[in-house]
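Secondary and tertiary structure notes
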Amino acid sequence: MNSLVIRRPDDWHVHLRDGPMLAHVLDFTARQFARAIVMPNLDPPVVTTADAVAYRGRITARLRPGRDFAPLMTAYLTDGTDPADLTAGFERRIFTAAKLYPAHATTNSAKGVGDIRRIAPVLAAMERIGMPLLVHGEVTEPSVDIFDREAVFLDRVLAPVLRDFPGLKVVCEHITTEEAVGFVLAAGDRVAATITPHHLQFSRNAIFQGGIRPHFYCLPILKREKHRLALRKAATSGSPKFFLGTDTAPHAVHTKENACGCAGVFNAPVALEAYLTVFDEEGALDRFEAFASEHGARFHGLPLNEGTVRLVREPLAVPERCEGEGVSVVPYHAGTTLPWRMVAG
Ligand code: NCD
Ligand code: ZN
């Protein structure tokens, strides 16, 4: 097959940032996806309904004329989140979901949740109204090895939450391990997961290939090869529990190529192409549309998109840098060639 037409897809996990970076990166996502779940980890974070209305306005104001793209907003949970405001924001369809960042787990998470037991009233309200909880699933204790933080989180934090809130809908975001795949499969219909292109394409070896490679540093960190293989099997299995979420996380080049470099892979410029390469390698082109355009919408109870995008088996040369708005970012697969290319819908 040399050409594939699929229903317009959605990205269920993106960092669009703010200011000049937002202006620079937005169209890379908006040209490929009809909708995207927008992460709230700005500085300061998007906590209240009013914050989300303002941020959504800054995003839509920067859309290119004619782009049909809907940002789906999320609330950043803190120890002080007001259940009444969260509920009102969801019921007014300002918020699509709420995001749990364990405090200090990742970029701009310092104001995240210190102890999940403290937000029990918030989780109870979300369970009651059917508002999904999106989880950055890593413990933050320095005593836990960075490669084990996801598996430990599932056991110690998420399993008790699922027990205590049996109706709460949960998305385990950017899963990276065999353990997470097993956990999600065993957990019943209300638990699903997103998987990034970089966790499908690279193991932790990529971070250290011939020297230190900061553009492969992200959180949760890339894992061993056996985990990558388990993720590829899950993503291409056809299970409705797994769907597309790029975790595109742009950082200016000088903040990545730094003695203390930021975590994040900027994969928006080649997101569909990277995922499709994986599905092609796995002999699962026929399952790509469901992963990219159906499973996530069904989980969130949203309509499927109208319209299509077309991908063709033609070389896509990825630039070394994406520059604009005074910002320079190194894209995923910089300087290499991918075998698929998105063309117009
Ligand atoms: C994200 C960022 O930079 O905002 N970084 C990352 O490595 N994925 C935060 C996150 O999703 O963990
Ligand atoms: Zn993220």
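In what follows, the structure referred to is the one given above.
Computed from a prediction, not measured in an experiment: that's the story for all the values here.

With respect to helix 6 (residues 178–186)
The complete set of buried residues in helix 6 reads Ala180, Val181, Phe183 and Val184. Down the axis, helix 6 shows its buried residues gathered within 165° of arc, on one side only. Tucked inside the fold, the buried residues of helix 6 contact helix 5 (149–164), strand 7 (170–172), strand 8 (191–195), helix 8 (225–235) and strand 9 (242–244). Following helix 6 by one or two positions, Gly188 has its phi on the positive side, about 90°.

Overview of the site of ligand 1
As a matter of local geometry, ligand 1 sits amid 15 residues, with Asn41, Thr106, Leu219, Asp247 and His251 nearest to it. The separation between an oxygen atom of ligand 1 and a polar side-chain atom of His136 is 3.4 Å. One of the backbone N or O atoms of Gly264 is found 3.2 Å from an oxygen atom in ligand 1. Protein coverage of the free-state accessible area of ligand 1, which is 320 Å², stands at 100%. More than half of the atoms belonging to ligand 1 lie within 2 Å of the grid points that define the largest cavity. Partitioning the shell around ligand 1 into residue classes produces 4 nonpolar, 9 polar and 2 charged.

So, the sheet that holds strand 10 (residues 308–312)
The 3 strands are arranged 1-10-15 in an open sheet whose pairing can be described as antiparallel. Either end of the sheet is taken by a strand with one partner, and the two such strands are strand 1 (3–7) and strand 15 (341–343). Averaged over all pairs of adjacent strands, the angle between strand axes in this sheet comes to 30°, irrespective of strand direction. The sheet contacts of helix 10 (residues 271–281) involve strand 1, strand 10 and strand 15, and relative to strand 10 the element is tilted by about 60°.

Structural notes on the side chain of His199
Here His199 lies in helix 7 (residues 197–201). Overall, the relative accessible area of 2% leaves His199 in the buried class. Within polar-contact distance, the side chain of His199 engages the side chain of Thr196 at 2.7 Å. Apart from the residues within four sequence positions on either side, His199 is in contact with Ile175, Thr176, Cys218, Pro220, Ile221, Leu222, Arg228 and Leu231.

A few points about a negative patch on the surface
A contiguous patch of negative charge on the surface is contributed by Asp145, Asp148, Asp155 and Glu179. Within the secondary structure, Asp148 is located in the loop between strand 6 (133–135) and helix 5. The class for Asp148 is partly exposed, based on a relative accessible area of 40%.

Observations concerning empty space enclosed by the protein
Taken as a whole, this structure holds 2 cavities of 30 Å³ or more when the rule is applied. If you add up the space inside the largest cavity, you get close to 120 Å³. Every residue lining the largest cavity is counted, 17 residues in all, and those nearest its centre are His15, Thr106, Leu219, Asp247 and Ala249. Its boundaries defined by the atoms lining it, the second largest cavity holds a volume of some 60 Å³. In terms of lining, the second largest cavity is formed by Val135, Gly137, Glu150, Phe153, Leu154, Leu158, Cys172, Glu173, His174, Ile175 and Pro220. The residue inventory of the lining of the second largest cavity, partitioned by class, reads 7 nonpolar, 2 polar and 2 charged.

Rules used in this analysis
Residues numbered from 1 in each chain as written. Chains lettered and ligands numbered in written order. Predicted model: local features only at pLDDT ≥ 70, side-chain atom pairs only at ≥ 80, totals over all residues. Heavy atoms only, no water. Buried < 20%, exposed > 50% of the residue type's maximum accessible area, 1.4 Å probe, protein only. Helix = DSSP H or I, 4+ residues; strand = E, 2+ residues; numbered from the N terminus. Arc of directions from axis to C-beta. Contact = heavy atoms within 4.5 Å. Near = heavy atom within 4 Å. Polar contact = N/O pair within 3.5 Å; in protein donor to acceptor, adjacent residues only side chain to side chain. Areas by Shrake-Rupley, 256 points an atom, 1.4 Å probe, with all protein chains shown as cover. 1 Å grid on protein atoms, 1.4 Å probe; cavity = no way out; pocket = protein on both sides within 12 Å on 5 of 7 lines; lining within 4 Å. Sits in = over half its atoms within 2 Å of the grid points. Nonpolar A, V, L, I, M, F, W, Y, C, P; charged D, E, K, R; others polar. Pairing = 2+ DSSP bridges. Axes fitted to C-alpha atoms, helices over the stretch in contact; angles between N-to-C directions. Patch = residues over 30% accessible without salt bridge, like charges linked within 9 Å, V, L, I, M, F, W, Y side chains within 5 Å. Salt bridge = Lys/Arg side-chain N within 4 Å of Asp/Glu carboxyl O. Lys, Arg positive; Asp, Glu negative; His and termini not counted. Charge placed at Lys NZ, Arg CZ, Asp CG, Glu CD. Points joined across faces, edges and corners; volume = space filled by probe spheres on them.

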